[in-house]
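Topology and contacts: notes
Residue strings, one per chain:
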Amino acid sequence: MEYCRDMQESTMGRSPDDDYEIRLCGDADIPSIIRVNTLTLPEHYSDDFYYQILRAYPETFFLAERDGAAVGYIMCRTEHGLSLLRRFGLAKKCHIISVAVLEEYRGKGIGTHLIQRALERVRSESAKECYLEVRITNLQAIELYKRLGFRVVSTLSGYYKDGESAYTMVMPL
Ligand SMILES: CC(C)(COP(=O)(O)OP(=O)(O)OC[C@H]1O[C@@H](n2cnc3c(N)ncnc32)[C@H](O)[C@@H]1OP(=O)(O)O)[C@@H](O)C(=O)NCCC(=O)NCCS
C-alpha cells in the first residue's frame, strides 16, 4: 500500500511523561480515528470519507498514538483555488479538515505537534497557504492556531449544522 510507505516515520512526544508517537495513518487505523472524532467533535463524517481522504491525501493524515491506541489525529486536503491571503491570486492550499485530541491527553503539545507535522509536509509540496474553519466559541483551538501563525480572515455565518458560526483562519506557508 503506497500510502503506508512512511509509516515508520514517527515523532515522539516532548518528554517521557508525554510519551506519544506521531505517525502517518494507515487503513487499519481508521476505526480508531473515527472513535477519537466521535468522542471529541460534533462534526462527524461517513466512514467512507475517512478512507477517501486517506487515499487521496495520505501524506498529511497523521495520528498520535499512546500505548498502541490513537489519542489524536489530523486530516487535510490539498486544494487549488483562490488565495485567502492575496486578492484575486490563485494558490495551492492545505485545508485542515479535522484535528482532534482526546480530552484526557490535551495540553501536552499533541495538537501542536500534529499540525506542525502536516505543515512540514505541505510546505515540502509547495503549498502556499494553510486554512481551516473553527467554531467562534472554540477559544482554546483559536488560541492554539494563532500561536502557530494562523489569523482570522473571515466569519462564516451559521456554518455548522447547529447554527454556530465559524472563523476561517489562514496562515502563509
Ligand atoms: C484543539 C485541540 C486539538 C488542541 O489539542 P492539544 O493537544 O490540547 O493541543 P496543545 O497541547 O498543543 O495546545 C493546547 C493549548 O492549551 C493549553 N492547555 C493546558 N491545559 C489544557 C487542557 N487540560 N486541555 C487542553 N488544553 C490545555 C496548552 O497548554 C496549550 O497552550 P500553550 O501551548 O500556550 O501552553 C484539542 O483541544 C481538541 O481536540 N479539541 C476538541 C476538538 C477541536 O475543537 N478540534 C479543533 C476543531 S477546529
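It should be noted that the structure appears before, not after, this text.
Small disclaimer: the values here were computed from a predicted structure and weren't measured.

**What to know about the pairing of strand S6 (residues 129-135)**
Side-chain positions along a regular strand alternate between the two faces of the sheet. Counted residue by residue, S6 has five buried out of seven residues, so it is predominantly covered. Where strand S5 (residues 90-101) meets S6, three bridges bridge the pair, whose relative direction is parallel. Note on S6: the bridge partner recorded for cysteine 94 is cysteine 130. Tracing the backbone out of S5, into helix H3 (residues 110-124) and back to the parallel element S6 gives a crossover that is right-handed. Of the pairings in the sheet, the one linking S6 to strand S8 (residues 166-172) comprises seven bridges and is antiparallel in character. Bridged to tyrosine 131 within S8 is valine 170.

**Looking at the nonpolar core**
Membership of the largest hydrophobic core comes to 43 residues, with the highest contact counts inside it found for Phe62, Ala64, Tyr73, Ile74, Leu114, Ala118 and Cys130. The residues contacting tyrosine 73, other than those within four sequence positions of it, are Cys25, Ile33, Val36, Phe62, Leu63, Ala64 and Ala100.

**Examining the packing of helix H1 (residues 30-40) against helix H2 (residues 47-56)**
For any two helices packed against each other, the geometry comes down to the angle between their axes and how far apart the axes lie. Contact geometry of H1 with H2 gives a least axis separation of 10 Å together with a crossing angle of 120°. What the angle tells us is that H1 and H2 run oblique. Note on packing geometry: the crossing formed by H1 with H2 is right-handed. Seen from H1, the contacting residues are Ile30, Ile33 and Ile34; seen from H2, they are Asp47, Tyr50, Tyr51 and Leu54.

**Observations regarding the site of the ligand**
Lining the immediate environment of the ligand, one finds 19 residues, of which Arg106, Gly107, Ile110, Gly111 and Thr112 sit closest. Elements with a minimum of two residues in the shell around the ligand: S5, H3, S6 and helix H4 (139-148). Considering each element in turn, the shell around the ligand owes the most residues, four residues, to H4. Residues belonging to the shell around the ligand are distributed by class as follows: nine nonpolar, seven polar and three charged.

Cut-off values and rules
- Throughout, residues of each chain are indexed from 1 in the direction in which the sequence is written.
- For a predicted model such as this one, the threshold for reporting local features is a pLDDT of at least 70, and the threshold for listing and counting side-chain atom pairs is 80 or more; totals across whole chains, interfaces and linings nevertheless cover every residue.
- Between the buried cut of 20 or more and the exposed cut of 12 or fewer other C-beta atoms within 10 Å of a residue's own C-beta lies the partly exposed class, and all C-beta atoms are placed from the backbone.
- Runs of E in the DSSP output that reach at least two residues are strands. Runs of H or I that reach at least four are helices, and both are numbered from the N terminus.
- At least two bridges found by DSSP between two strands is the condition for calling them paired.
- Crossovers are marked right-handed if the path from the first strand over the helix to the second runs clockwise, as seen with the strands pointing away from the viewer.
- The term nonpolar core means buried Ala, Val, Leu, Ile, Met, Phe, Trp, Tyr and Cys residues held together as one set by C-beta atoms within 7 Å.
- Here the contact rule is simple: place C-beta atoms from the backbone, and any two residues whose C-beta atoms are within 7 Å are in contact.
- Fitted lines through C-alpha atoms give the axes, limited to the stretch in contact for helices. The angle between two N-to-C directions lies from 0 to 180 degrees.
- An angle below 35 degrees is treated as roughly parallel, one above 145 as roughly antiparallel, one from 65 to 115 as roughly perpendicular, and anything else as oblique.
- The crossing is said to be left-handed when, going from far helix to near helix, the turn is anticlockwise and less than a right angle, and right-handed when the turn is clockwise.
- Each residue gets a C-beta atom placed from its backbone. If that atom is within 6 Å of a molecule or strand, the residue is near it.
- Here the nonpolar group is Ala, Val, Leu, Ile, Met, Phe, Trp, Tyr, Cys and Pro; Asp, Glu, Lys and Arg are the charged ones; every other residue, Gly included, is treated as polar.

Remember that the coordinates give geometry; whether it matters functionally is a separate question.
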